Structure formats: C-alpha cells, structure tokens
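Now for the letters of each chain:
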Amino acid sequence: TSHGLRSQVGLNLTGSLSPEVSRLDFLQKLVLNDNSIEGTLPPEISNMIALKTLNLNDNQFRGSVPSSIGNLNELTQLDISKNQFTGSIPSSIENLTELKQLDLSKNQFTGSIPPSIENLTELTHLDISYNQFTGILPSSIGNLTELTQLDISDNQFTGILPSSIGKLTELTYFDISFNGLTGSLSSSIGNLNKLTHLDITANLFNGSLPSLIGNLNKLTHLDITSNQFTGTLPSSIWHLSKLTHLGMYINQFTGSLSSSIGNLSELILLDIANNQLTGSLPSSIGNLRDLVWLDISVNDFTGTDLVNILHNLNGSLVSFYFKDNDLTTNLTYEICNSFQFENTDVCVS
C-alpha cells in the first residue's frame, strides 16, 4: 500500500536490516516479527518519521538500541521483544509521546528505568520483563495513568514499590515478580480495583499484607509467594470471591485460616505451604468444589477431619500435599487411594 509494508511475518527471513530501509520514509507500519533477522538496528531507521508501528519481535537483533529512535515521534507501537538487545534504554525514548504499547521484554537490557518515562503518558501496555534492569522503580512511573498492563518481572530491581503505583487505577495486569523489591507492600495498591492479575512472587517484601488488598474484588490471580510477609492474613482477602489462583507459600504468616475461605468458591489453586499457620483446617475448604491443587504442607495445622473435606472436594482435586503439620488424621491408605490423586504426599502405606 502507499502507507504500509506488507507484513513479513514468520517467513524465516535472514540477514540484517539494511540502512536502505530508511528510504521508505512514507511507511506507517514495519512488521517483521517471527523471523531470523540478525545484526544491529541501523540508526538510519530514525528517518522513517511516518512510522506508527515498529514490530521486530522474535528475531536475533543484537547490540544497543540507537538513540536516534527517539526521532520516531509518531510511533504508537514499539515491539522489539525476544531479541538479544543489550545496553540501557536510550533516554531519547522520552520523545515517543504517542506510544501506546512498548514491549522490550526478553532481551538483555541493563541499567535503570529513566525517570523521564513519565513523558509516555499515552502508554497502555508496558512490558520490560526478562531483562537485567537494576536500580529502583522511579516514582514517576505513577504518572502513566493510562496503563492497563505493566510487567517488570524477572529483572533485578531493588528498593521499595513506590506508593505512586496507586495512581495506576486502569491497571488490569500487574506483574513485578522475581526482582529484589523490599519493604512493606504499599497500601496504595488497594486503589487498583480493576486488577485481575497481581503477581509479586519472589521479592523481599516484609511486614503484614495490607488489608486494602481486599478492595481488589476483580482479582482472579493473586500470587505473593516467596516473600517475607509476617502477621495474620487480613480478613479482607476472603472477600476476593473471583480468585481462581491464590499462591502464598514460603512466607511467615501466622494465625489460623478463617472459615471465610469457603467464600472463594472459584479457586482452582490454593497454595499456603511453608508458613507458620496454626489451628485446624476449616471445613469450609470443602466448599471449594473447583479446587485442583491444594498445598497446606509445612505449617502447624492441628487435628482436622481431612476425610470429610476431601470427600467434598472429590472429583476436582488432583494434587494434595499436607506433610509436616501436626494433623491427626483418619486418612487411611485405602481411603486416600480412593481419591485417585495424581500428585500427593498423602497416600503412604
């Protein structure tokens, strides 16, 4: 067409991207994803000033992103994910103020997020996961108030989660897992009431879980696994009735499980292993009729009628683990086998 290039997607194109491509200064879309193009991104690409979409996903580009990319100020979508880019994000990216989607994931980028990212106020999708970014999360990230998806997982970010994150009230997907974030989880996270997916797995968060997490009543996926949370579980967490995935293992939670856990009737996975939870297992767990995975191992739970609970869950439960508790159970080897678990530490003769 006069304004676009026929998408060359998945044709196993090889070789490098010639600087001559910059002569196509009328192009609005350059889509070359799912090929085997290698080499560096030519600085001359900055001459393609009409570009609105640049998609180089899943190739073998390497080297740093040229700072001249900041000249492409008509860009609304920039996807260079799944390549071998290195170096830091060029500061000139702050000029791309029309960007709605920015995907730098699955590369080898280093350095920190420039505070000037706050200029990209049109962004709805920001994915920088699976890189080697370091430093703190700038509080200016809270100015990206149009964001619906934010993924910074699998990097090396440190410091606290800025409270300005609570300004991102359009977020539906938020993943900060596998970093080195510390401190308490800001209660401002309770402002993000459109979230359906929240994953903070494998950080160093400590203190108690803020009760305002109960405001996130659209959540289907909540994972706070492998942190250093302490204290009792806030009662508000049992109001999250749309949850299908609740992962809380490897923390230091204490206290007992509320019978209100039975409100989470859509749960498919419940993993609360490796905490310091006490008391008996509430019989209301038997209300979780869609449960496929249940792990309560390595806690201090005491005498519970497991057979009754398991009978109520029979038909859905595939994986059940309960080792290293103080349970006195009437679960015999024969009864256990009748449940036909695929994965369990229970059925031991």
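Below: a short report on this structure. Only a predicted model underlies this, so the values are computations on that prediction, with no experimental measurement involved. (Residues numbered from 1 in each chain as written. Predicted model: local features only at pLDDT ≥ 70, side-chain atom pairs only at ≥ 80, totals over all residues. Heavy atoms only, no water.)

## Focus: the pattern of salt bridges
Here comes step 1: Counted under the stated rule, the structure contains five salt bridges.
Here comes step 2: Close ionic contact of glutamate 122 with lysine 100 constitutes a salt bridge, the shortest N to O distance being 3.6 Å. Of the two residues, glutamate 122 is situated in the loop between β8 (108-109) and β9 (125-127) and lysine 100 in the loop between β6 (84-87) and β7 (101-103); the sequence distance between them amounts to 22 residues.
Here comes step 3: We note a salt bridge from glutamate 170 to lysine 194, for which the minimum N-O separation is 2.9 Å. In this pair, glutamate 170 sits in the loop between β12 (156-159) and β13 (173-175) while lysine 194 sits in the loop between β14 (180-183) and β15 (197-199), placing the two residues 24 residues apart along the sequence.
Here comes step 4: Residue glutamate 170 is classed as partly exposed on the basis of its relative accessible area, which comes to 28%. (Salt bridge = Lys/Arg side-chain N within 4 Å of Asp/Glu carboxyl O. Helix = DSSP H or I, 4+ residues; strand = E, 2+ residues; numbered from the N terminus. Buried < 20%, exposed > 50% of the residue type's maximum accessible area, 1.4 Å probe, protein only.)

## Observations concerning the pairing of β6
It is a general feature of regular strands that their side chains alternate between the two faces of the sheet.
Here comes step 1: With two bridges connecting them, strand β4 (residues 60-63) and β6 associate as parallel partners. Bridging from a neighbouring strand, arginine 62 pairs with glutamine 84 of β6.
Here comes step 2: In the sheet, β6 pairs with β8 via two bridges, with the strands oriented parallel. Within β8, the position partnered with threonine 86 by the bridge is glutamine 108. (Pairing = 2+ DSSP bridges.)

## Looking at unusual backbone geometry
Here comes step 1: We note that lysine 106 has phi near 55°; this positive angle belongs to a residue other than glycine.
Here comes step 2: Along the chain, lysine 106 falls in the loop between β7 and β8.
Here comes step 3: A relative accessible area of 39% places lysine 106 in the partly exposed class.
Here comes step 4: The phi torsion at valine 298 lies on the positive side, around 55°, for a residue other than glycine.
Here comes step 5: Given the relative accessible area of 27%, valine 298 is considered partly exposed.

## Details of the sheet that holds β8
Here comes step 1: Taken together, four strands build an open sheet; the order of strands is β2-β4-β6-β8 and the sheet is parallel. Here the strands that pair on one side only, and so sit at the sheet edges, are β2 (38-39) and β8.
Here comes step 2: Across two bridges, the pairing between β2 and β4 is parallel. Bridge pairing in β4 places glycine 39 opposite phenylalanine 61.

## Focus: the nonpolar core
One broad rule of soluble globular proteins: the nonpolar side chains tend to lie buried together.
Here comes step 1: One finds Leu150, Phe174, Leu198, Leu222, Leu246 and Phe320 to be the most contacted residues of the largest nonpolar core, which totals 98 residues.
Here comes step 2: A per-element tally of this core places helix α1 (residues 306-313) first, with five residues.
Here comes step 3: Look past the residues within four positions of leucine 150 in its chain and what remains in contact with it is Leu126, Ile141, Ile165, Leu168, Leu171, Tyr173, Phe174 and Asp175. (Core = buried A, V, L, I, M, F, W, Y, C linked by side-chain atoms within 4.5 Å. Contact = heavy atoms within 4.5 Å.)

## Section: the pairing of strand β18 (residues 228-232)
Here comes step 1: Relative to β18, strand β16 (residues 204-207) runs parallel, the two being bridged by two bridges. Residue asparagine 206 lies in a different strand from β18, and its bridge partner there is glutamine 228.
Here comes step 2: Bridging between β18 and strand β20 (residues 252-254) involves three bridges; their strand directions are parallel. Counterpart to threonine 230 in the pairing with β20 is glutamine 252.

## So, the packing of aromatic side chains
Here comes step 1: For the structure shown, the criterion picks out eight aromatic pairs.
Here comes step 2: Relative to phenylalanine 157, the ring of phenylalanine 133 has its centre 6.2 Å away and its plane inclined at 10°; by these criteria the two rings are stacked. Pair noted here: phenylalanine 133 is in the loop between β9 and β10 (134-135) and phenylalanine 157 is in strand β12, with a separation of 24 residues, a long-range link. Grouping residues by exposure puts phenylalanine 133 and phenylalanine 157 together as buried.
Here comes step 3: Joined through ring pairs, the aromatic side chains of Phe61, Phe85, Phe109, Phe133 and Phe157 make up one cluster. (Phe/Tyr/Trp six-rings, centres within 6.5 Å; stacked < 30°, edge-to-face > 60°.)

All quantities given are derived from atomic positions and should not be read as evidence of function.
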